[in-house]
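These are the residues of each chain, in order.
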Amino acid sequence: MNHSTSEANHPRPSPDMVALGESMLTLRTRPNQAAFEWEVSGAESNVARYCAAFGLQTAWVSQVGTDLAGDLVLSVIEDAGVDVSGVRRLSDHQTGLMLKETVADSLRVRYYRAGSAAAAMAPTIGAEVGRTTRILHLTGITMGLSCTCNELVLSLIEDRSRSALISFDINWRPSIWAQGDPPNALREAANQCDIVFVGLDEANDLWDTSTADDVRKLLPQPETVVIKDSGNGTHADLGSRRYFVPALDGPVVEPIGAGDAFAAGFLVGVLRCSDNVEAALRLGHITAMSALSQQNDVGPIADDATIQRLLDLSPEEWLSASLDLTATRDVVL
């Protein structure tokens, strides 16, 4: 992208969090209408956008085409307050596309990302990624896009000269993996990271595990393993200490994006209150409700006063609390 002289003379401060991965233009049918709506989707940029909404300095690194889809993707992510100066534009590759459609009252997602600009990412794009940030966020999605993307993620994980904490979301997407041994590859990558996110359903599909203890045995090396148990709640295993916070009650419009929102909230909690894991888990659940409450992957977060009230609840009060973000920014507890 082109940047003005003013921006060059006044560089952005070092980001608190950098996320790397593909984002796509997403089309979906409008409810009960013969029309379409568009949005921007991508696990890593979703996390960056939520972190920016909390006031963190965030950056997103990727590649997009020089097409209209690339323009729209960059515009939405930058407008969310995310630094996109590390995004490359390729004239000979298209930007990825995702279609959401409702069939027989169930949501079906189709990806068109083979040969995309992001799938062409290689280790050269990551030379300076994460050098001056506190958290570098990666996912297993990028590993599955292509051999060069897999090499890129592994090079970032294995380069321990970076001072950043490495956050890794398994994000198991079987449809994008066309090569290799995904269960083993994801397990080996995750075991080299500092913070790992994985759903119990993903772990069961990948490794035939059924409990949080089983997952931790397979991932003994990360300092923190966050294990999401669907609508029941989330575990955080720090080795010698284990935590569990039940999910927050509230209306669910669409589940896509909730895992990214949870990861963002948890990472914000890690940066702001590293000694309070339960608060980080609660902030993850609070942020997840932003995605669950509407169709877009990224929705408006609750206001500061509401978030603080929820964080201040006793464990017993938390069990009966709920958060409704479906209609307006005015929330109901």
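Reference entry: report on the structure contained in this document. Each residue is numbered by its place in its chain's sequence as written, counting from 1. Residues qualify for local features only when their pLDDT is at least 70, as the model is predicted, and side-chain atom pairs are given and counted only at 80 or more; totals for whole chains, interfaces and linings, by contrast, use all residues. Neither water nor hydrogens contribute to the side-chain values; these are computed over all heavy atoms in the structure.

### Quick notes on the nonpolar core
This is how it is decided: Remark: nonpolar core denotes a set of buried residues (Ala, Val, Leu, Ile, Met, Phe, Trp, Tyr, Cys) joined through side-chain atoms within 4.5 Å. Using a 1.4 Å probe on the protein chains alone, a residue whose accessible area is under 20% of its type maximum counts as buried, one over 50% counts as exposed, and one in between counts as partly exposed. Numbering of helices and strands runs from the N terminus; a helix is a DSSP stretch of H or I covering at least four residues, while a strand is a stretch of E covering at least two. Contact definition: two residues touch when any of their heavy atoms are within 4.5 Å.
In terms of nonpolar packing, the biggest core is built from 55 residues, with W60, F197, L248, F266 and L281 touching the most fellow members. Here this core takes ten residues from helix α9 (residues 258-272), the largest share from any one element. Discounting chain neighbours no more than four positions away, the residues touching F197 are S167, F168, D169, I170, V226, K228, F262, A263, F266 and L267. The next biggest cluster of nonpolar side chains, apart from the first, holds 44 residues, and it includes A43, M121, L218 and L219.

### A closer look at the packing of helix α2 (residues 43-53) against α9
Selection criterion: Convention adopted: a line fitted to C-alpha atoms gives each axis, helices being fitted over their contacting stretch, and angles between N-to-C directions are expressed from 0 to 180 degrees. Any angle from 65 to 115 degrees is called roughly perpendicular, while one under 35 is roughly parallel, one over 145 is roughly antiparallel, and all others are oblique. Handedness of a crossing is defined here by the sense of rotation of the near helix relative to the far one, left-handed for an anticlockwise turn of less than a right angle and right-handed for a clockwise turn. Under this grouping Gly is polar, as are all residues other than the nonpolar Ala, Val, Leu, Ile, Met, Phe, Trp, Tyr, Cys and Pro and the charged Asp, Glu, Lys and Arg.
One can describe the packing of α2 onto α9 by two numbers: an axis separation of 8 Å at closest approach and a directional angle of 45°. When the axis of α2 is compared with that of α9, the two are oblique. Here α2 runs over α9; the crossing is right-handed. Along its contact with α2, which presents A43, N46, V47, Y50 and C51, the element α9 presents D260, A261, A263, A264, L267 and V268. Residues that form the contact of α2 with α9 fall into these classes: nine nonpolar, one polar and one charged.

### What to know about helix α3 (residues 68-79)
Spelled out, the test is: Expected helix span is computed as 1.5 Å times (number of residues minus one). Directions pointing from the helix axis toward each C-beta atom define the arc.
With twelve residues, α3 extends 16 Å between its outermost C-alpha atoms, agreeing within 8% with the 16 Å of an ideal straight helix rising 1.5 Å per residue. Turning to α3, its buried residues are A69, G70, V73, L74 and I77. Buried residues of α3 fall within an arc of 125° about the axis and therefore sit on the same side. Exposed and facing more than 90 degrees away from the buried side of α3 are L68 and D79. Backbone geometry just downstream of α3 places G81 in the positive-phi region, at approximately 95°.

### Considering the packing of aromatic side chains
Between two aromatic rings, the relevant description is the distance of the centres plus the angle of the planes. Stated precisely, the cut-off is as follows: The pairing test for Phe, Tyr and Trp rings, Trp by its six-membered ring, is centres within 6.5 Å, and the orientation test on the planes gives stacked under 30 degrees, edge-to-face over 60, and tilted for anything in between.
Counted by the stated rule, this structure contains three aromatic pairs. Clustering of aromatic rings is evident, with ring pairs tying together F197, F262 and F266.

### Quick word on the sheet that holds strand β8 (residues 97-103)
Convention followed: Whether two strands pair comes down to DSSP finding at least two bridges between them.
Taken in spatial order, the four strands line up as β3-β2-β8-β9 in an open sheet, and their pairing is mixed. In this open sheet, the two edge strands, each paired with only one partner strand, are β3 (36-41) and β9 (106-112). Strand-to-strand twist across the sheet, computed as the mean angle between neighbouring axes with direction ignored, equals 25°. Here seven bridges tie β8 to β9, and the two strands are oriented antiparallel to one another. If you follow E101 over to β9, its bridge partner there is R108. Running at roughly 65° to β3, α3 makes contact with β2 (24-29) and β3 of the sheet.

What is shown is where atoms sit, not what they do.
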